[in-house]
Amino acid sequence: MSTVSGAADPGAPRPATAATAARQAEVRRRLPFDEDTGPADAEAGFVATLDEPVITAADGRVVWDLRPYAFLEGGGAAGGDRDDAPAPDTVDPSLWRMARLNLRHGLYRVADRIYQVRGFDLANMTVIVGDSGYIVVDPLLSVETAAAALGLVRRELGERPVTAVIVTHCHSDHFGGLRGVVDPAEAGPAGSGRVPVVAPAGFFEHAVSENVHAGTAMSRRAQYMYGALVPPGPRGQVSAGLGMGLSRGTVSLIEPTDVVDATGTRMVLDGVEFVFQFTPDTEAPAEMNFHLPRWRALCLAENAAHTLHNLYTLRGAPVRDAAAWSFHLGEAAELFAAESDVMFLQHHWPVRGSARIAEFLACQQDLYKYLHDQTLRLAAHGLTMEEIAEELTLPAALERFWPGRGYYGTVRHNAKAVYQRYLGWFDGNPAHLDRHPPAAAARRYVEFMGGADAVLERARRSFDEGDYRWVAEVVGHVVFADPDDAVARALQADAFEQLGYQSESTAWRNVYLSGARELRHGRAERRGRGSAARDVLGAMTTDMLLDYVAIRLDGPAAADRRITLLLEVADTGETRLVRLRRGALTRTARVAGAAPTPGDAGIDAHIRLARADLAMLAFGAADAGDAFDDGRIAVMAGSGDAVATLFGLCDVLRPDFPIVTPRPATAPAAAACLAHAIEKEHR
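Now for a quick tour of the structure.

1. Section: the overall build of the chain
Within the chain one finds 25 helices and 21 strands. In terms of overall dimensions, the chain is globule-like: its C-alpha atoms have a radius of gyration of 27 Å, near the 26 Å expected for 683 residues. In terms of its C-alpha atoms, the chain occupies a principal-axis envelope of roughly 80 × 75 × 55 Å. For the chain, with 683 residues in total, the buried portion stands at 54%. Contacts spanning at least 24 positions in sequence make up 72% of the contacts within the chain whose residues lie at least 6 apart. Per element, the accessible surface of the chain, about 27700 Å² overall, is 52% carbon and sulfur. For the chain, the separation between the mean place of its 69 positive charges and that of its 88 negative charges on side chains is 2 Å.

Pasting the structure below:
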């Protein structure tokens, strides 16, 4: 048989099969590689870069390193130079194209007094030379990469202060480096003589909340989506679609001093006039574009890129509105295309020429509208999301449009996203209404199919036929029925790997290869939450923190408990009544007045603490008993035992749960593992 699971090193990545090689050849034949202007466009305006593409933190820890991607310059297994490096059969040729374009790094001139630093993080940092200093747009994900990018700008363009910062939207790869370019103490409203920080309305709330409530699950899934544990290489991680990957530095956040909440808003920053377009509920819930009339330049934030974007991101997030996205792209074209000679994006490279800008925006507008409308049309014929994903294809004009290729989002999972946004997870078939959970269903499937050996024998034949999707599905039942079945794990890993090699989408490739690696090597234990940076914690409101405590509460363990606390936040003057009853934690604002006593108000304890200490308790980074002992929690009335009991009922949220194997049948009771949680989550 031609399966590859019998390799000498069972943990090593496998070569491409004949079926995968044939599929890659078909991609080369079908797409217009001879009409690709991407390399010339991406290289235009290059000024300079670092001698070594490595960025470190103050303690010497590497937070960004492009050296492992040198294989892209040499064509991987195939050899070649920078201009002619053919894709190996283990990488989709279209994806190889994009990965090589993303590898370009350094300072680039966009137009007179407009520059970008690309390839220093997942996103671009744009720098506009104002009358007296630099206006920084989207200071990357990490403080360290933002500081390095600004250092390169100053090295090449001269020493100038940062006079304003613009953050186009609420995703952390565009704001996390804020402290690398501006001191929060120097921030102030436009016109105040300080450094304004400008963002769209809703930015701060979404920046704080997006990755917190579902943060643990999202953080774990992001490991798969970005291939965090998959080594770079022709058989590994090759790109993240929007850039090479995510930096691993310090994430920061500064509250905006100026907010844009309407299209047509005009603002002068350091002598430069900006005209903003407010685009909520597009690529992000809070986002904006802007136009620079003086230089006929248009910034499309992340509302456009040289890829089809995600309507649903595989790490998990609310589904995005394809119709609104399409509308705002069309509006941008109407407002600014004829008045622009260059359009720059906060990922990838610029588009030059008014006609090209108009065509680019029109194609992107039509792309999202087509996905939206055709998904709903097919749904009206009774097709389910899986059937729509299988049937929906793009018109040739969009299929051959390089900036619409699925390097990040895909037609298949975006169609499912549109369906989900309107119709939810249920497809209307009663057989799918209340199915068994994965492990229970798997045991039944394997029994019905004649046992594991029979399933694996048939699956090997399907593998030899190149039907990797079916192998991944059917062998997954064997793995979930018996996660210790080494033969099943190896065969499913082989199928995942070939599916990854065939994926044009970086997210799909990374998910498949992450699954294969985990089946072969097991889960990597991960300590710490990893979903809330210190600045984000500090920015969470009292109600956000209490909502997170409610999410961590182990409802079954708390079902018979009744606790009422009067909580006073000393540094904000807020008071909240917090009630635990019937396994649910609720909170209400307390009307100002005389402080009640536990006896006459049914309150078990009245406590006072700072919001920072509440944040530490909410995230399990502090023990309530210790906080009482050192005075961080003051008991104004009642007993502190009620507080300790409440936080002792909070669950342990670990960001390393199983994905490709079933989760353990039992988990430790929350009430018995608070100390363990603190140690494990924050060691």
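There's more to say after this.
2. Considerations on the environment of Ile55
As for its position among the elements, Ile55 is in strand 2 (residues 54-56). Spatially, the C-alpha atom of Ile55 lies 39 Å from that of Tyr468, the residues being 413 residues apart in sequence.

3. Overview of the pattern of salt bridges
Tallied over the full model, the rule gives 34 salt bridges. Residue Asp41 pairs with Arg356 through a salt bridge whose shortest N-O separation is 2.9 Å. Of this pair, Asp41 sits in helix 2 (residues 38-43) while Arg356 is found in helix 9 (residues 354-380), placing the two residues 315 residues apart along the sequence. Judged by its relative accessible area of 17%, Asp41 falls in the buried class. Since its relative accessible area comes to 40%, Arg356 is described here as partly exposed. Of the charged contacts, one joins Arg469 and Glu390 as a salt bridge, the two residues approaching to 2.9 Å between their closest N and O atoms.

4. Here's the deal with the pairing of strand 17 (residues 563-569)
In terms of burial, strand 17 is largely enclosed, as seven of its seven residues are buried. In this structure, the hairpin formed by strand 17 and strand 18 (residues 574-581) is closed by a connection of four residues, where Gly573 is found at a positive phi of approximately 75°.

5. Points about the sheet that holds strand 15 (residues 342-344)
Paired through their backbone hydrogen bonds, the strands of a sheet run either parallel or antiparallel. Here we have six strands laid out as an open sheet, ordered 11-12-13-14-15-16, and mixed in their pairing. Of all the strands in the sheet, the pair left with one neighbour each is strand 11 (266-269) and strand 16 (351-352). Note that strand 13 (residues 288-292) and strand 14 (residues 297-299) share three bridges and pair antiparallel. Bridge pairing links His291 to Leu298 in strand 14. Strands strand 12 (272-278), strand 13 and strand 14 of the sheet are contacted by helix 8 (residues 322-336), whose axis makes an angle of about 145° with strand 12.

6. Section: the nonpolar core
Counting 91 residues, the largest nonpolar core has Val165, Phe203 and Leu253 as the members making the most contacts within it. At six residues, the largest contribution of residues to this core is made by helix 5 (residues 143-157). Sequence-distant contacts of Phe203, that is, excluding residues within four places in its chain, are made with Val167, His169, Cys170, Phe175, Leu253, Ile254, Pro256 and Ala286.

7. Remarks on helix 9
Every α-helical turn comprises 3.6 residues, leaving residues that sit three or four positions apart pointing alike. Compared with the 39 Å implied by 1.5 Å per residue over 27 residues, the 39 Å span of helix 9 between its first and last C-alpha is a close match. Looking one or two residues past helix 9, Gly382 carries a phi angle of roughly 95°, positive in sign.

8. Some thoughts on empty space enclosed by the protein
In this approach a probe as big as a water molecule rolls over the atoms, and the regions it shows empty are the leftover space. Throughout the structure, instances matching the rule amount to four cavities of 30 Å³ or more. The computed volume of the largest cavity comes to approximately 140 Å³. In terms of lining residues, the largest cavity is bounded by 17 residues, among which Asn102, Arg104, Arg118, Gly119 and Asn124 are the most central. Taken together, the residues of the lining of the largest cavity sort by class into nine nonpolar, five polar and three charged.

9. As for the packing of aromatic side chains
The full count for this structure, using the stated rule, is 16 aromatic pairs. Judged by centre distance (6.0 Å) and plane angle (10°), the ring pair of Phe274 and Phe276 falls under stacked. One exposure class covers both Phe274 and Phe276, and it is buried. With centroids separated by 6.1 Å and ring planes inclined at 65°, the aromatic side chains of Phe276 and Phe290 adopt a geometry described as edge-to-face. With a gap of 14 residues between them, Phe276 in strand 12 and Phe290 in strand 13 connect regions that are remote in the sequence.

10. Remarks on the sheet that holds strand 1 (residues 46-48)
An order of 1-4-5-6-7-8-9-10 is seen for the eight strands of this open sheet, with the pairing classed as mixed. Two strands close off the open sheet at either side, each with one partner strand: strand 1 and strand 10 (258-260). This sheet shows a mean twist of 25° between the axes of neighbouring strands, independent of strand direction. With four bridges connecting them, strand 7 (residues 134-137) and strand 8 (residues 162-166) associate as parallel partners. What sits directly across from Ile135, in strand 8, is Ala164. The sheet contacts of helix 5 involve strand 1, strand 4 (106-111), strand 5 (114-118), strand 6 (125-129), strand 7 and strand 8, and relative to strand 4 the element is tilted by about 65°.

What counts as what
Residues numbered from 1 in each chain as written. Predicted model: local features only at pLDDT ≥ 70, side-chain atom pairs only at ≥ 80, totals over all residues. Heavy atoms only, no water. Helix = DSSP H or I, 4+ residues; strand = E, 2+ residues; numbered from the N terminus. Rg over C-alpha atoms; globule rule 2.2 N^0.38 Å. Buried < 20%, exposed > 50% of the residue type's maximum accessible area, 1.4 Å probe, protein only. Contact = heavy atoms within 4.5 Å. Areas by Shrake-Rupley, 256 points an atom, 1.4 Å probe, with all protein chains shown as cover. Lys, Arg positive; Asp, Glu negative; His and termini not counted. Charge placed at Lys NZ, Arg CZ, Asp CG, Glu CD. Salt bridge = Lys/Arg side-chain N within 4 Å of Asp/Glu carboxyl O. Pairing = 2+ DSSP bridges. Axes fitted to C-alpha atoms, helices over the stretch in contact; angles between N-to-C directions. Core = buried A, V, L, I, M, F, W, Y, C linked by side-chain atoms within 4.5 Å. Expected span 1.5 Å × (residues − 1). 1 Å grid on protein atoms, 1.4 Å probe; cavity = no way out; pocket = protein on both sides within 12 Å on 5 of 7 lines; lining within 4 Å. Points joined across faces, edges and corners; volume = space filled by probe spheres on them. Nonpolar A, V, L, I, M, F, W, Y, C, P; charged D, E, K, R; others polar. Phe/Tyr/Trp six-rings, centres within 6.5 Å; stacked < 30°, edge-to-face > 60°.

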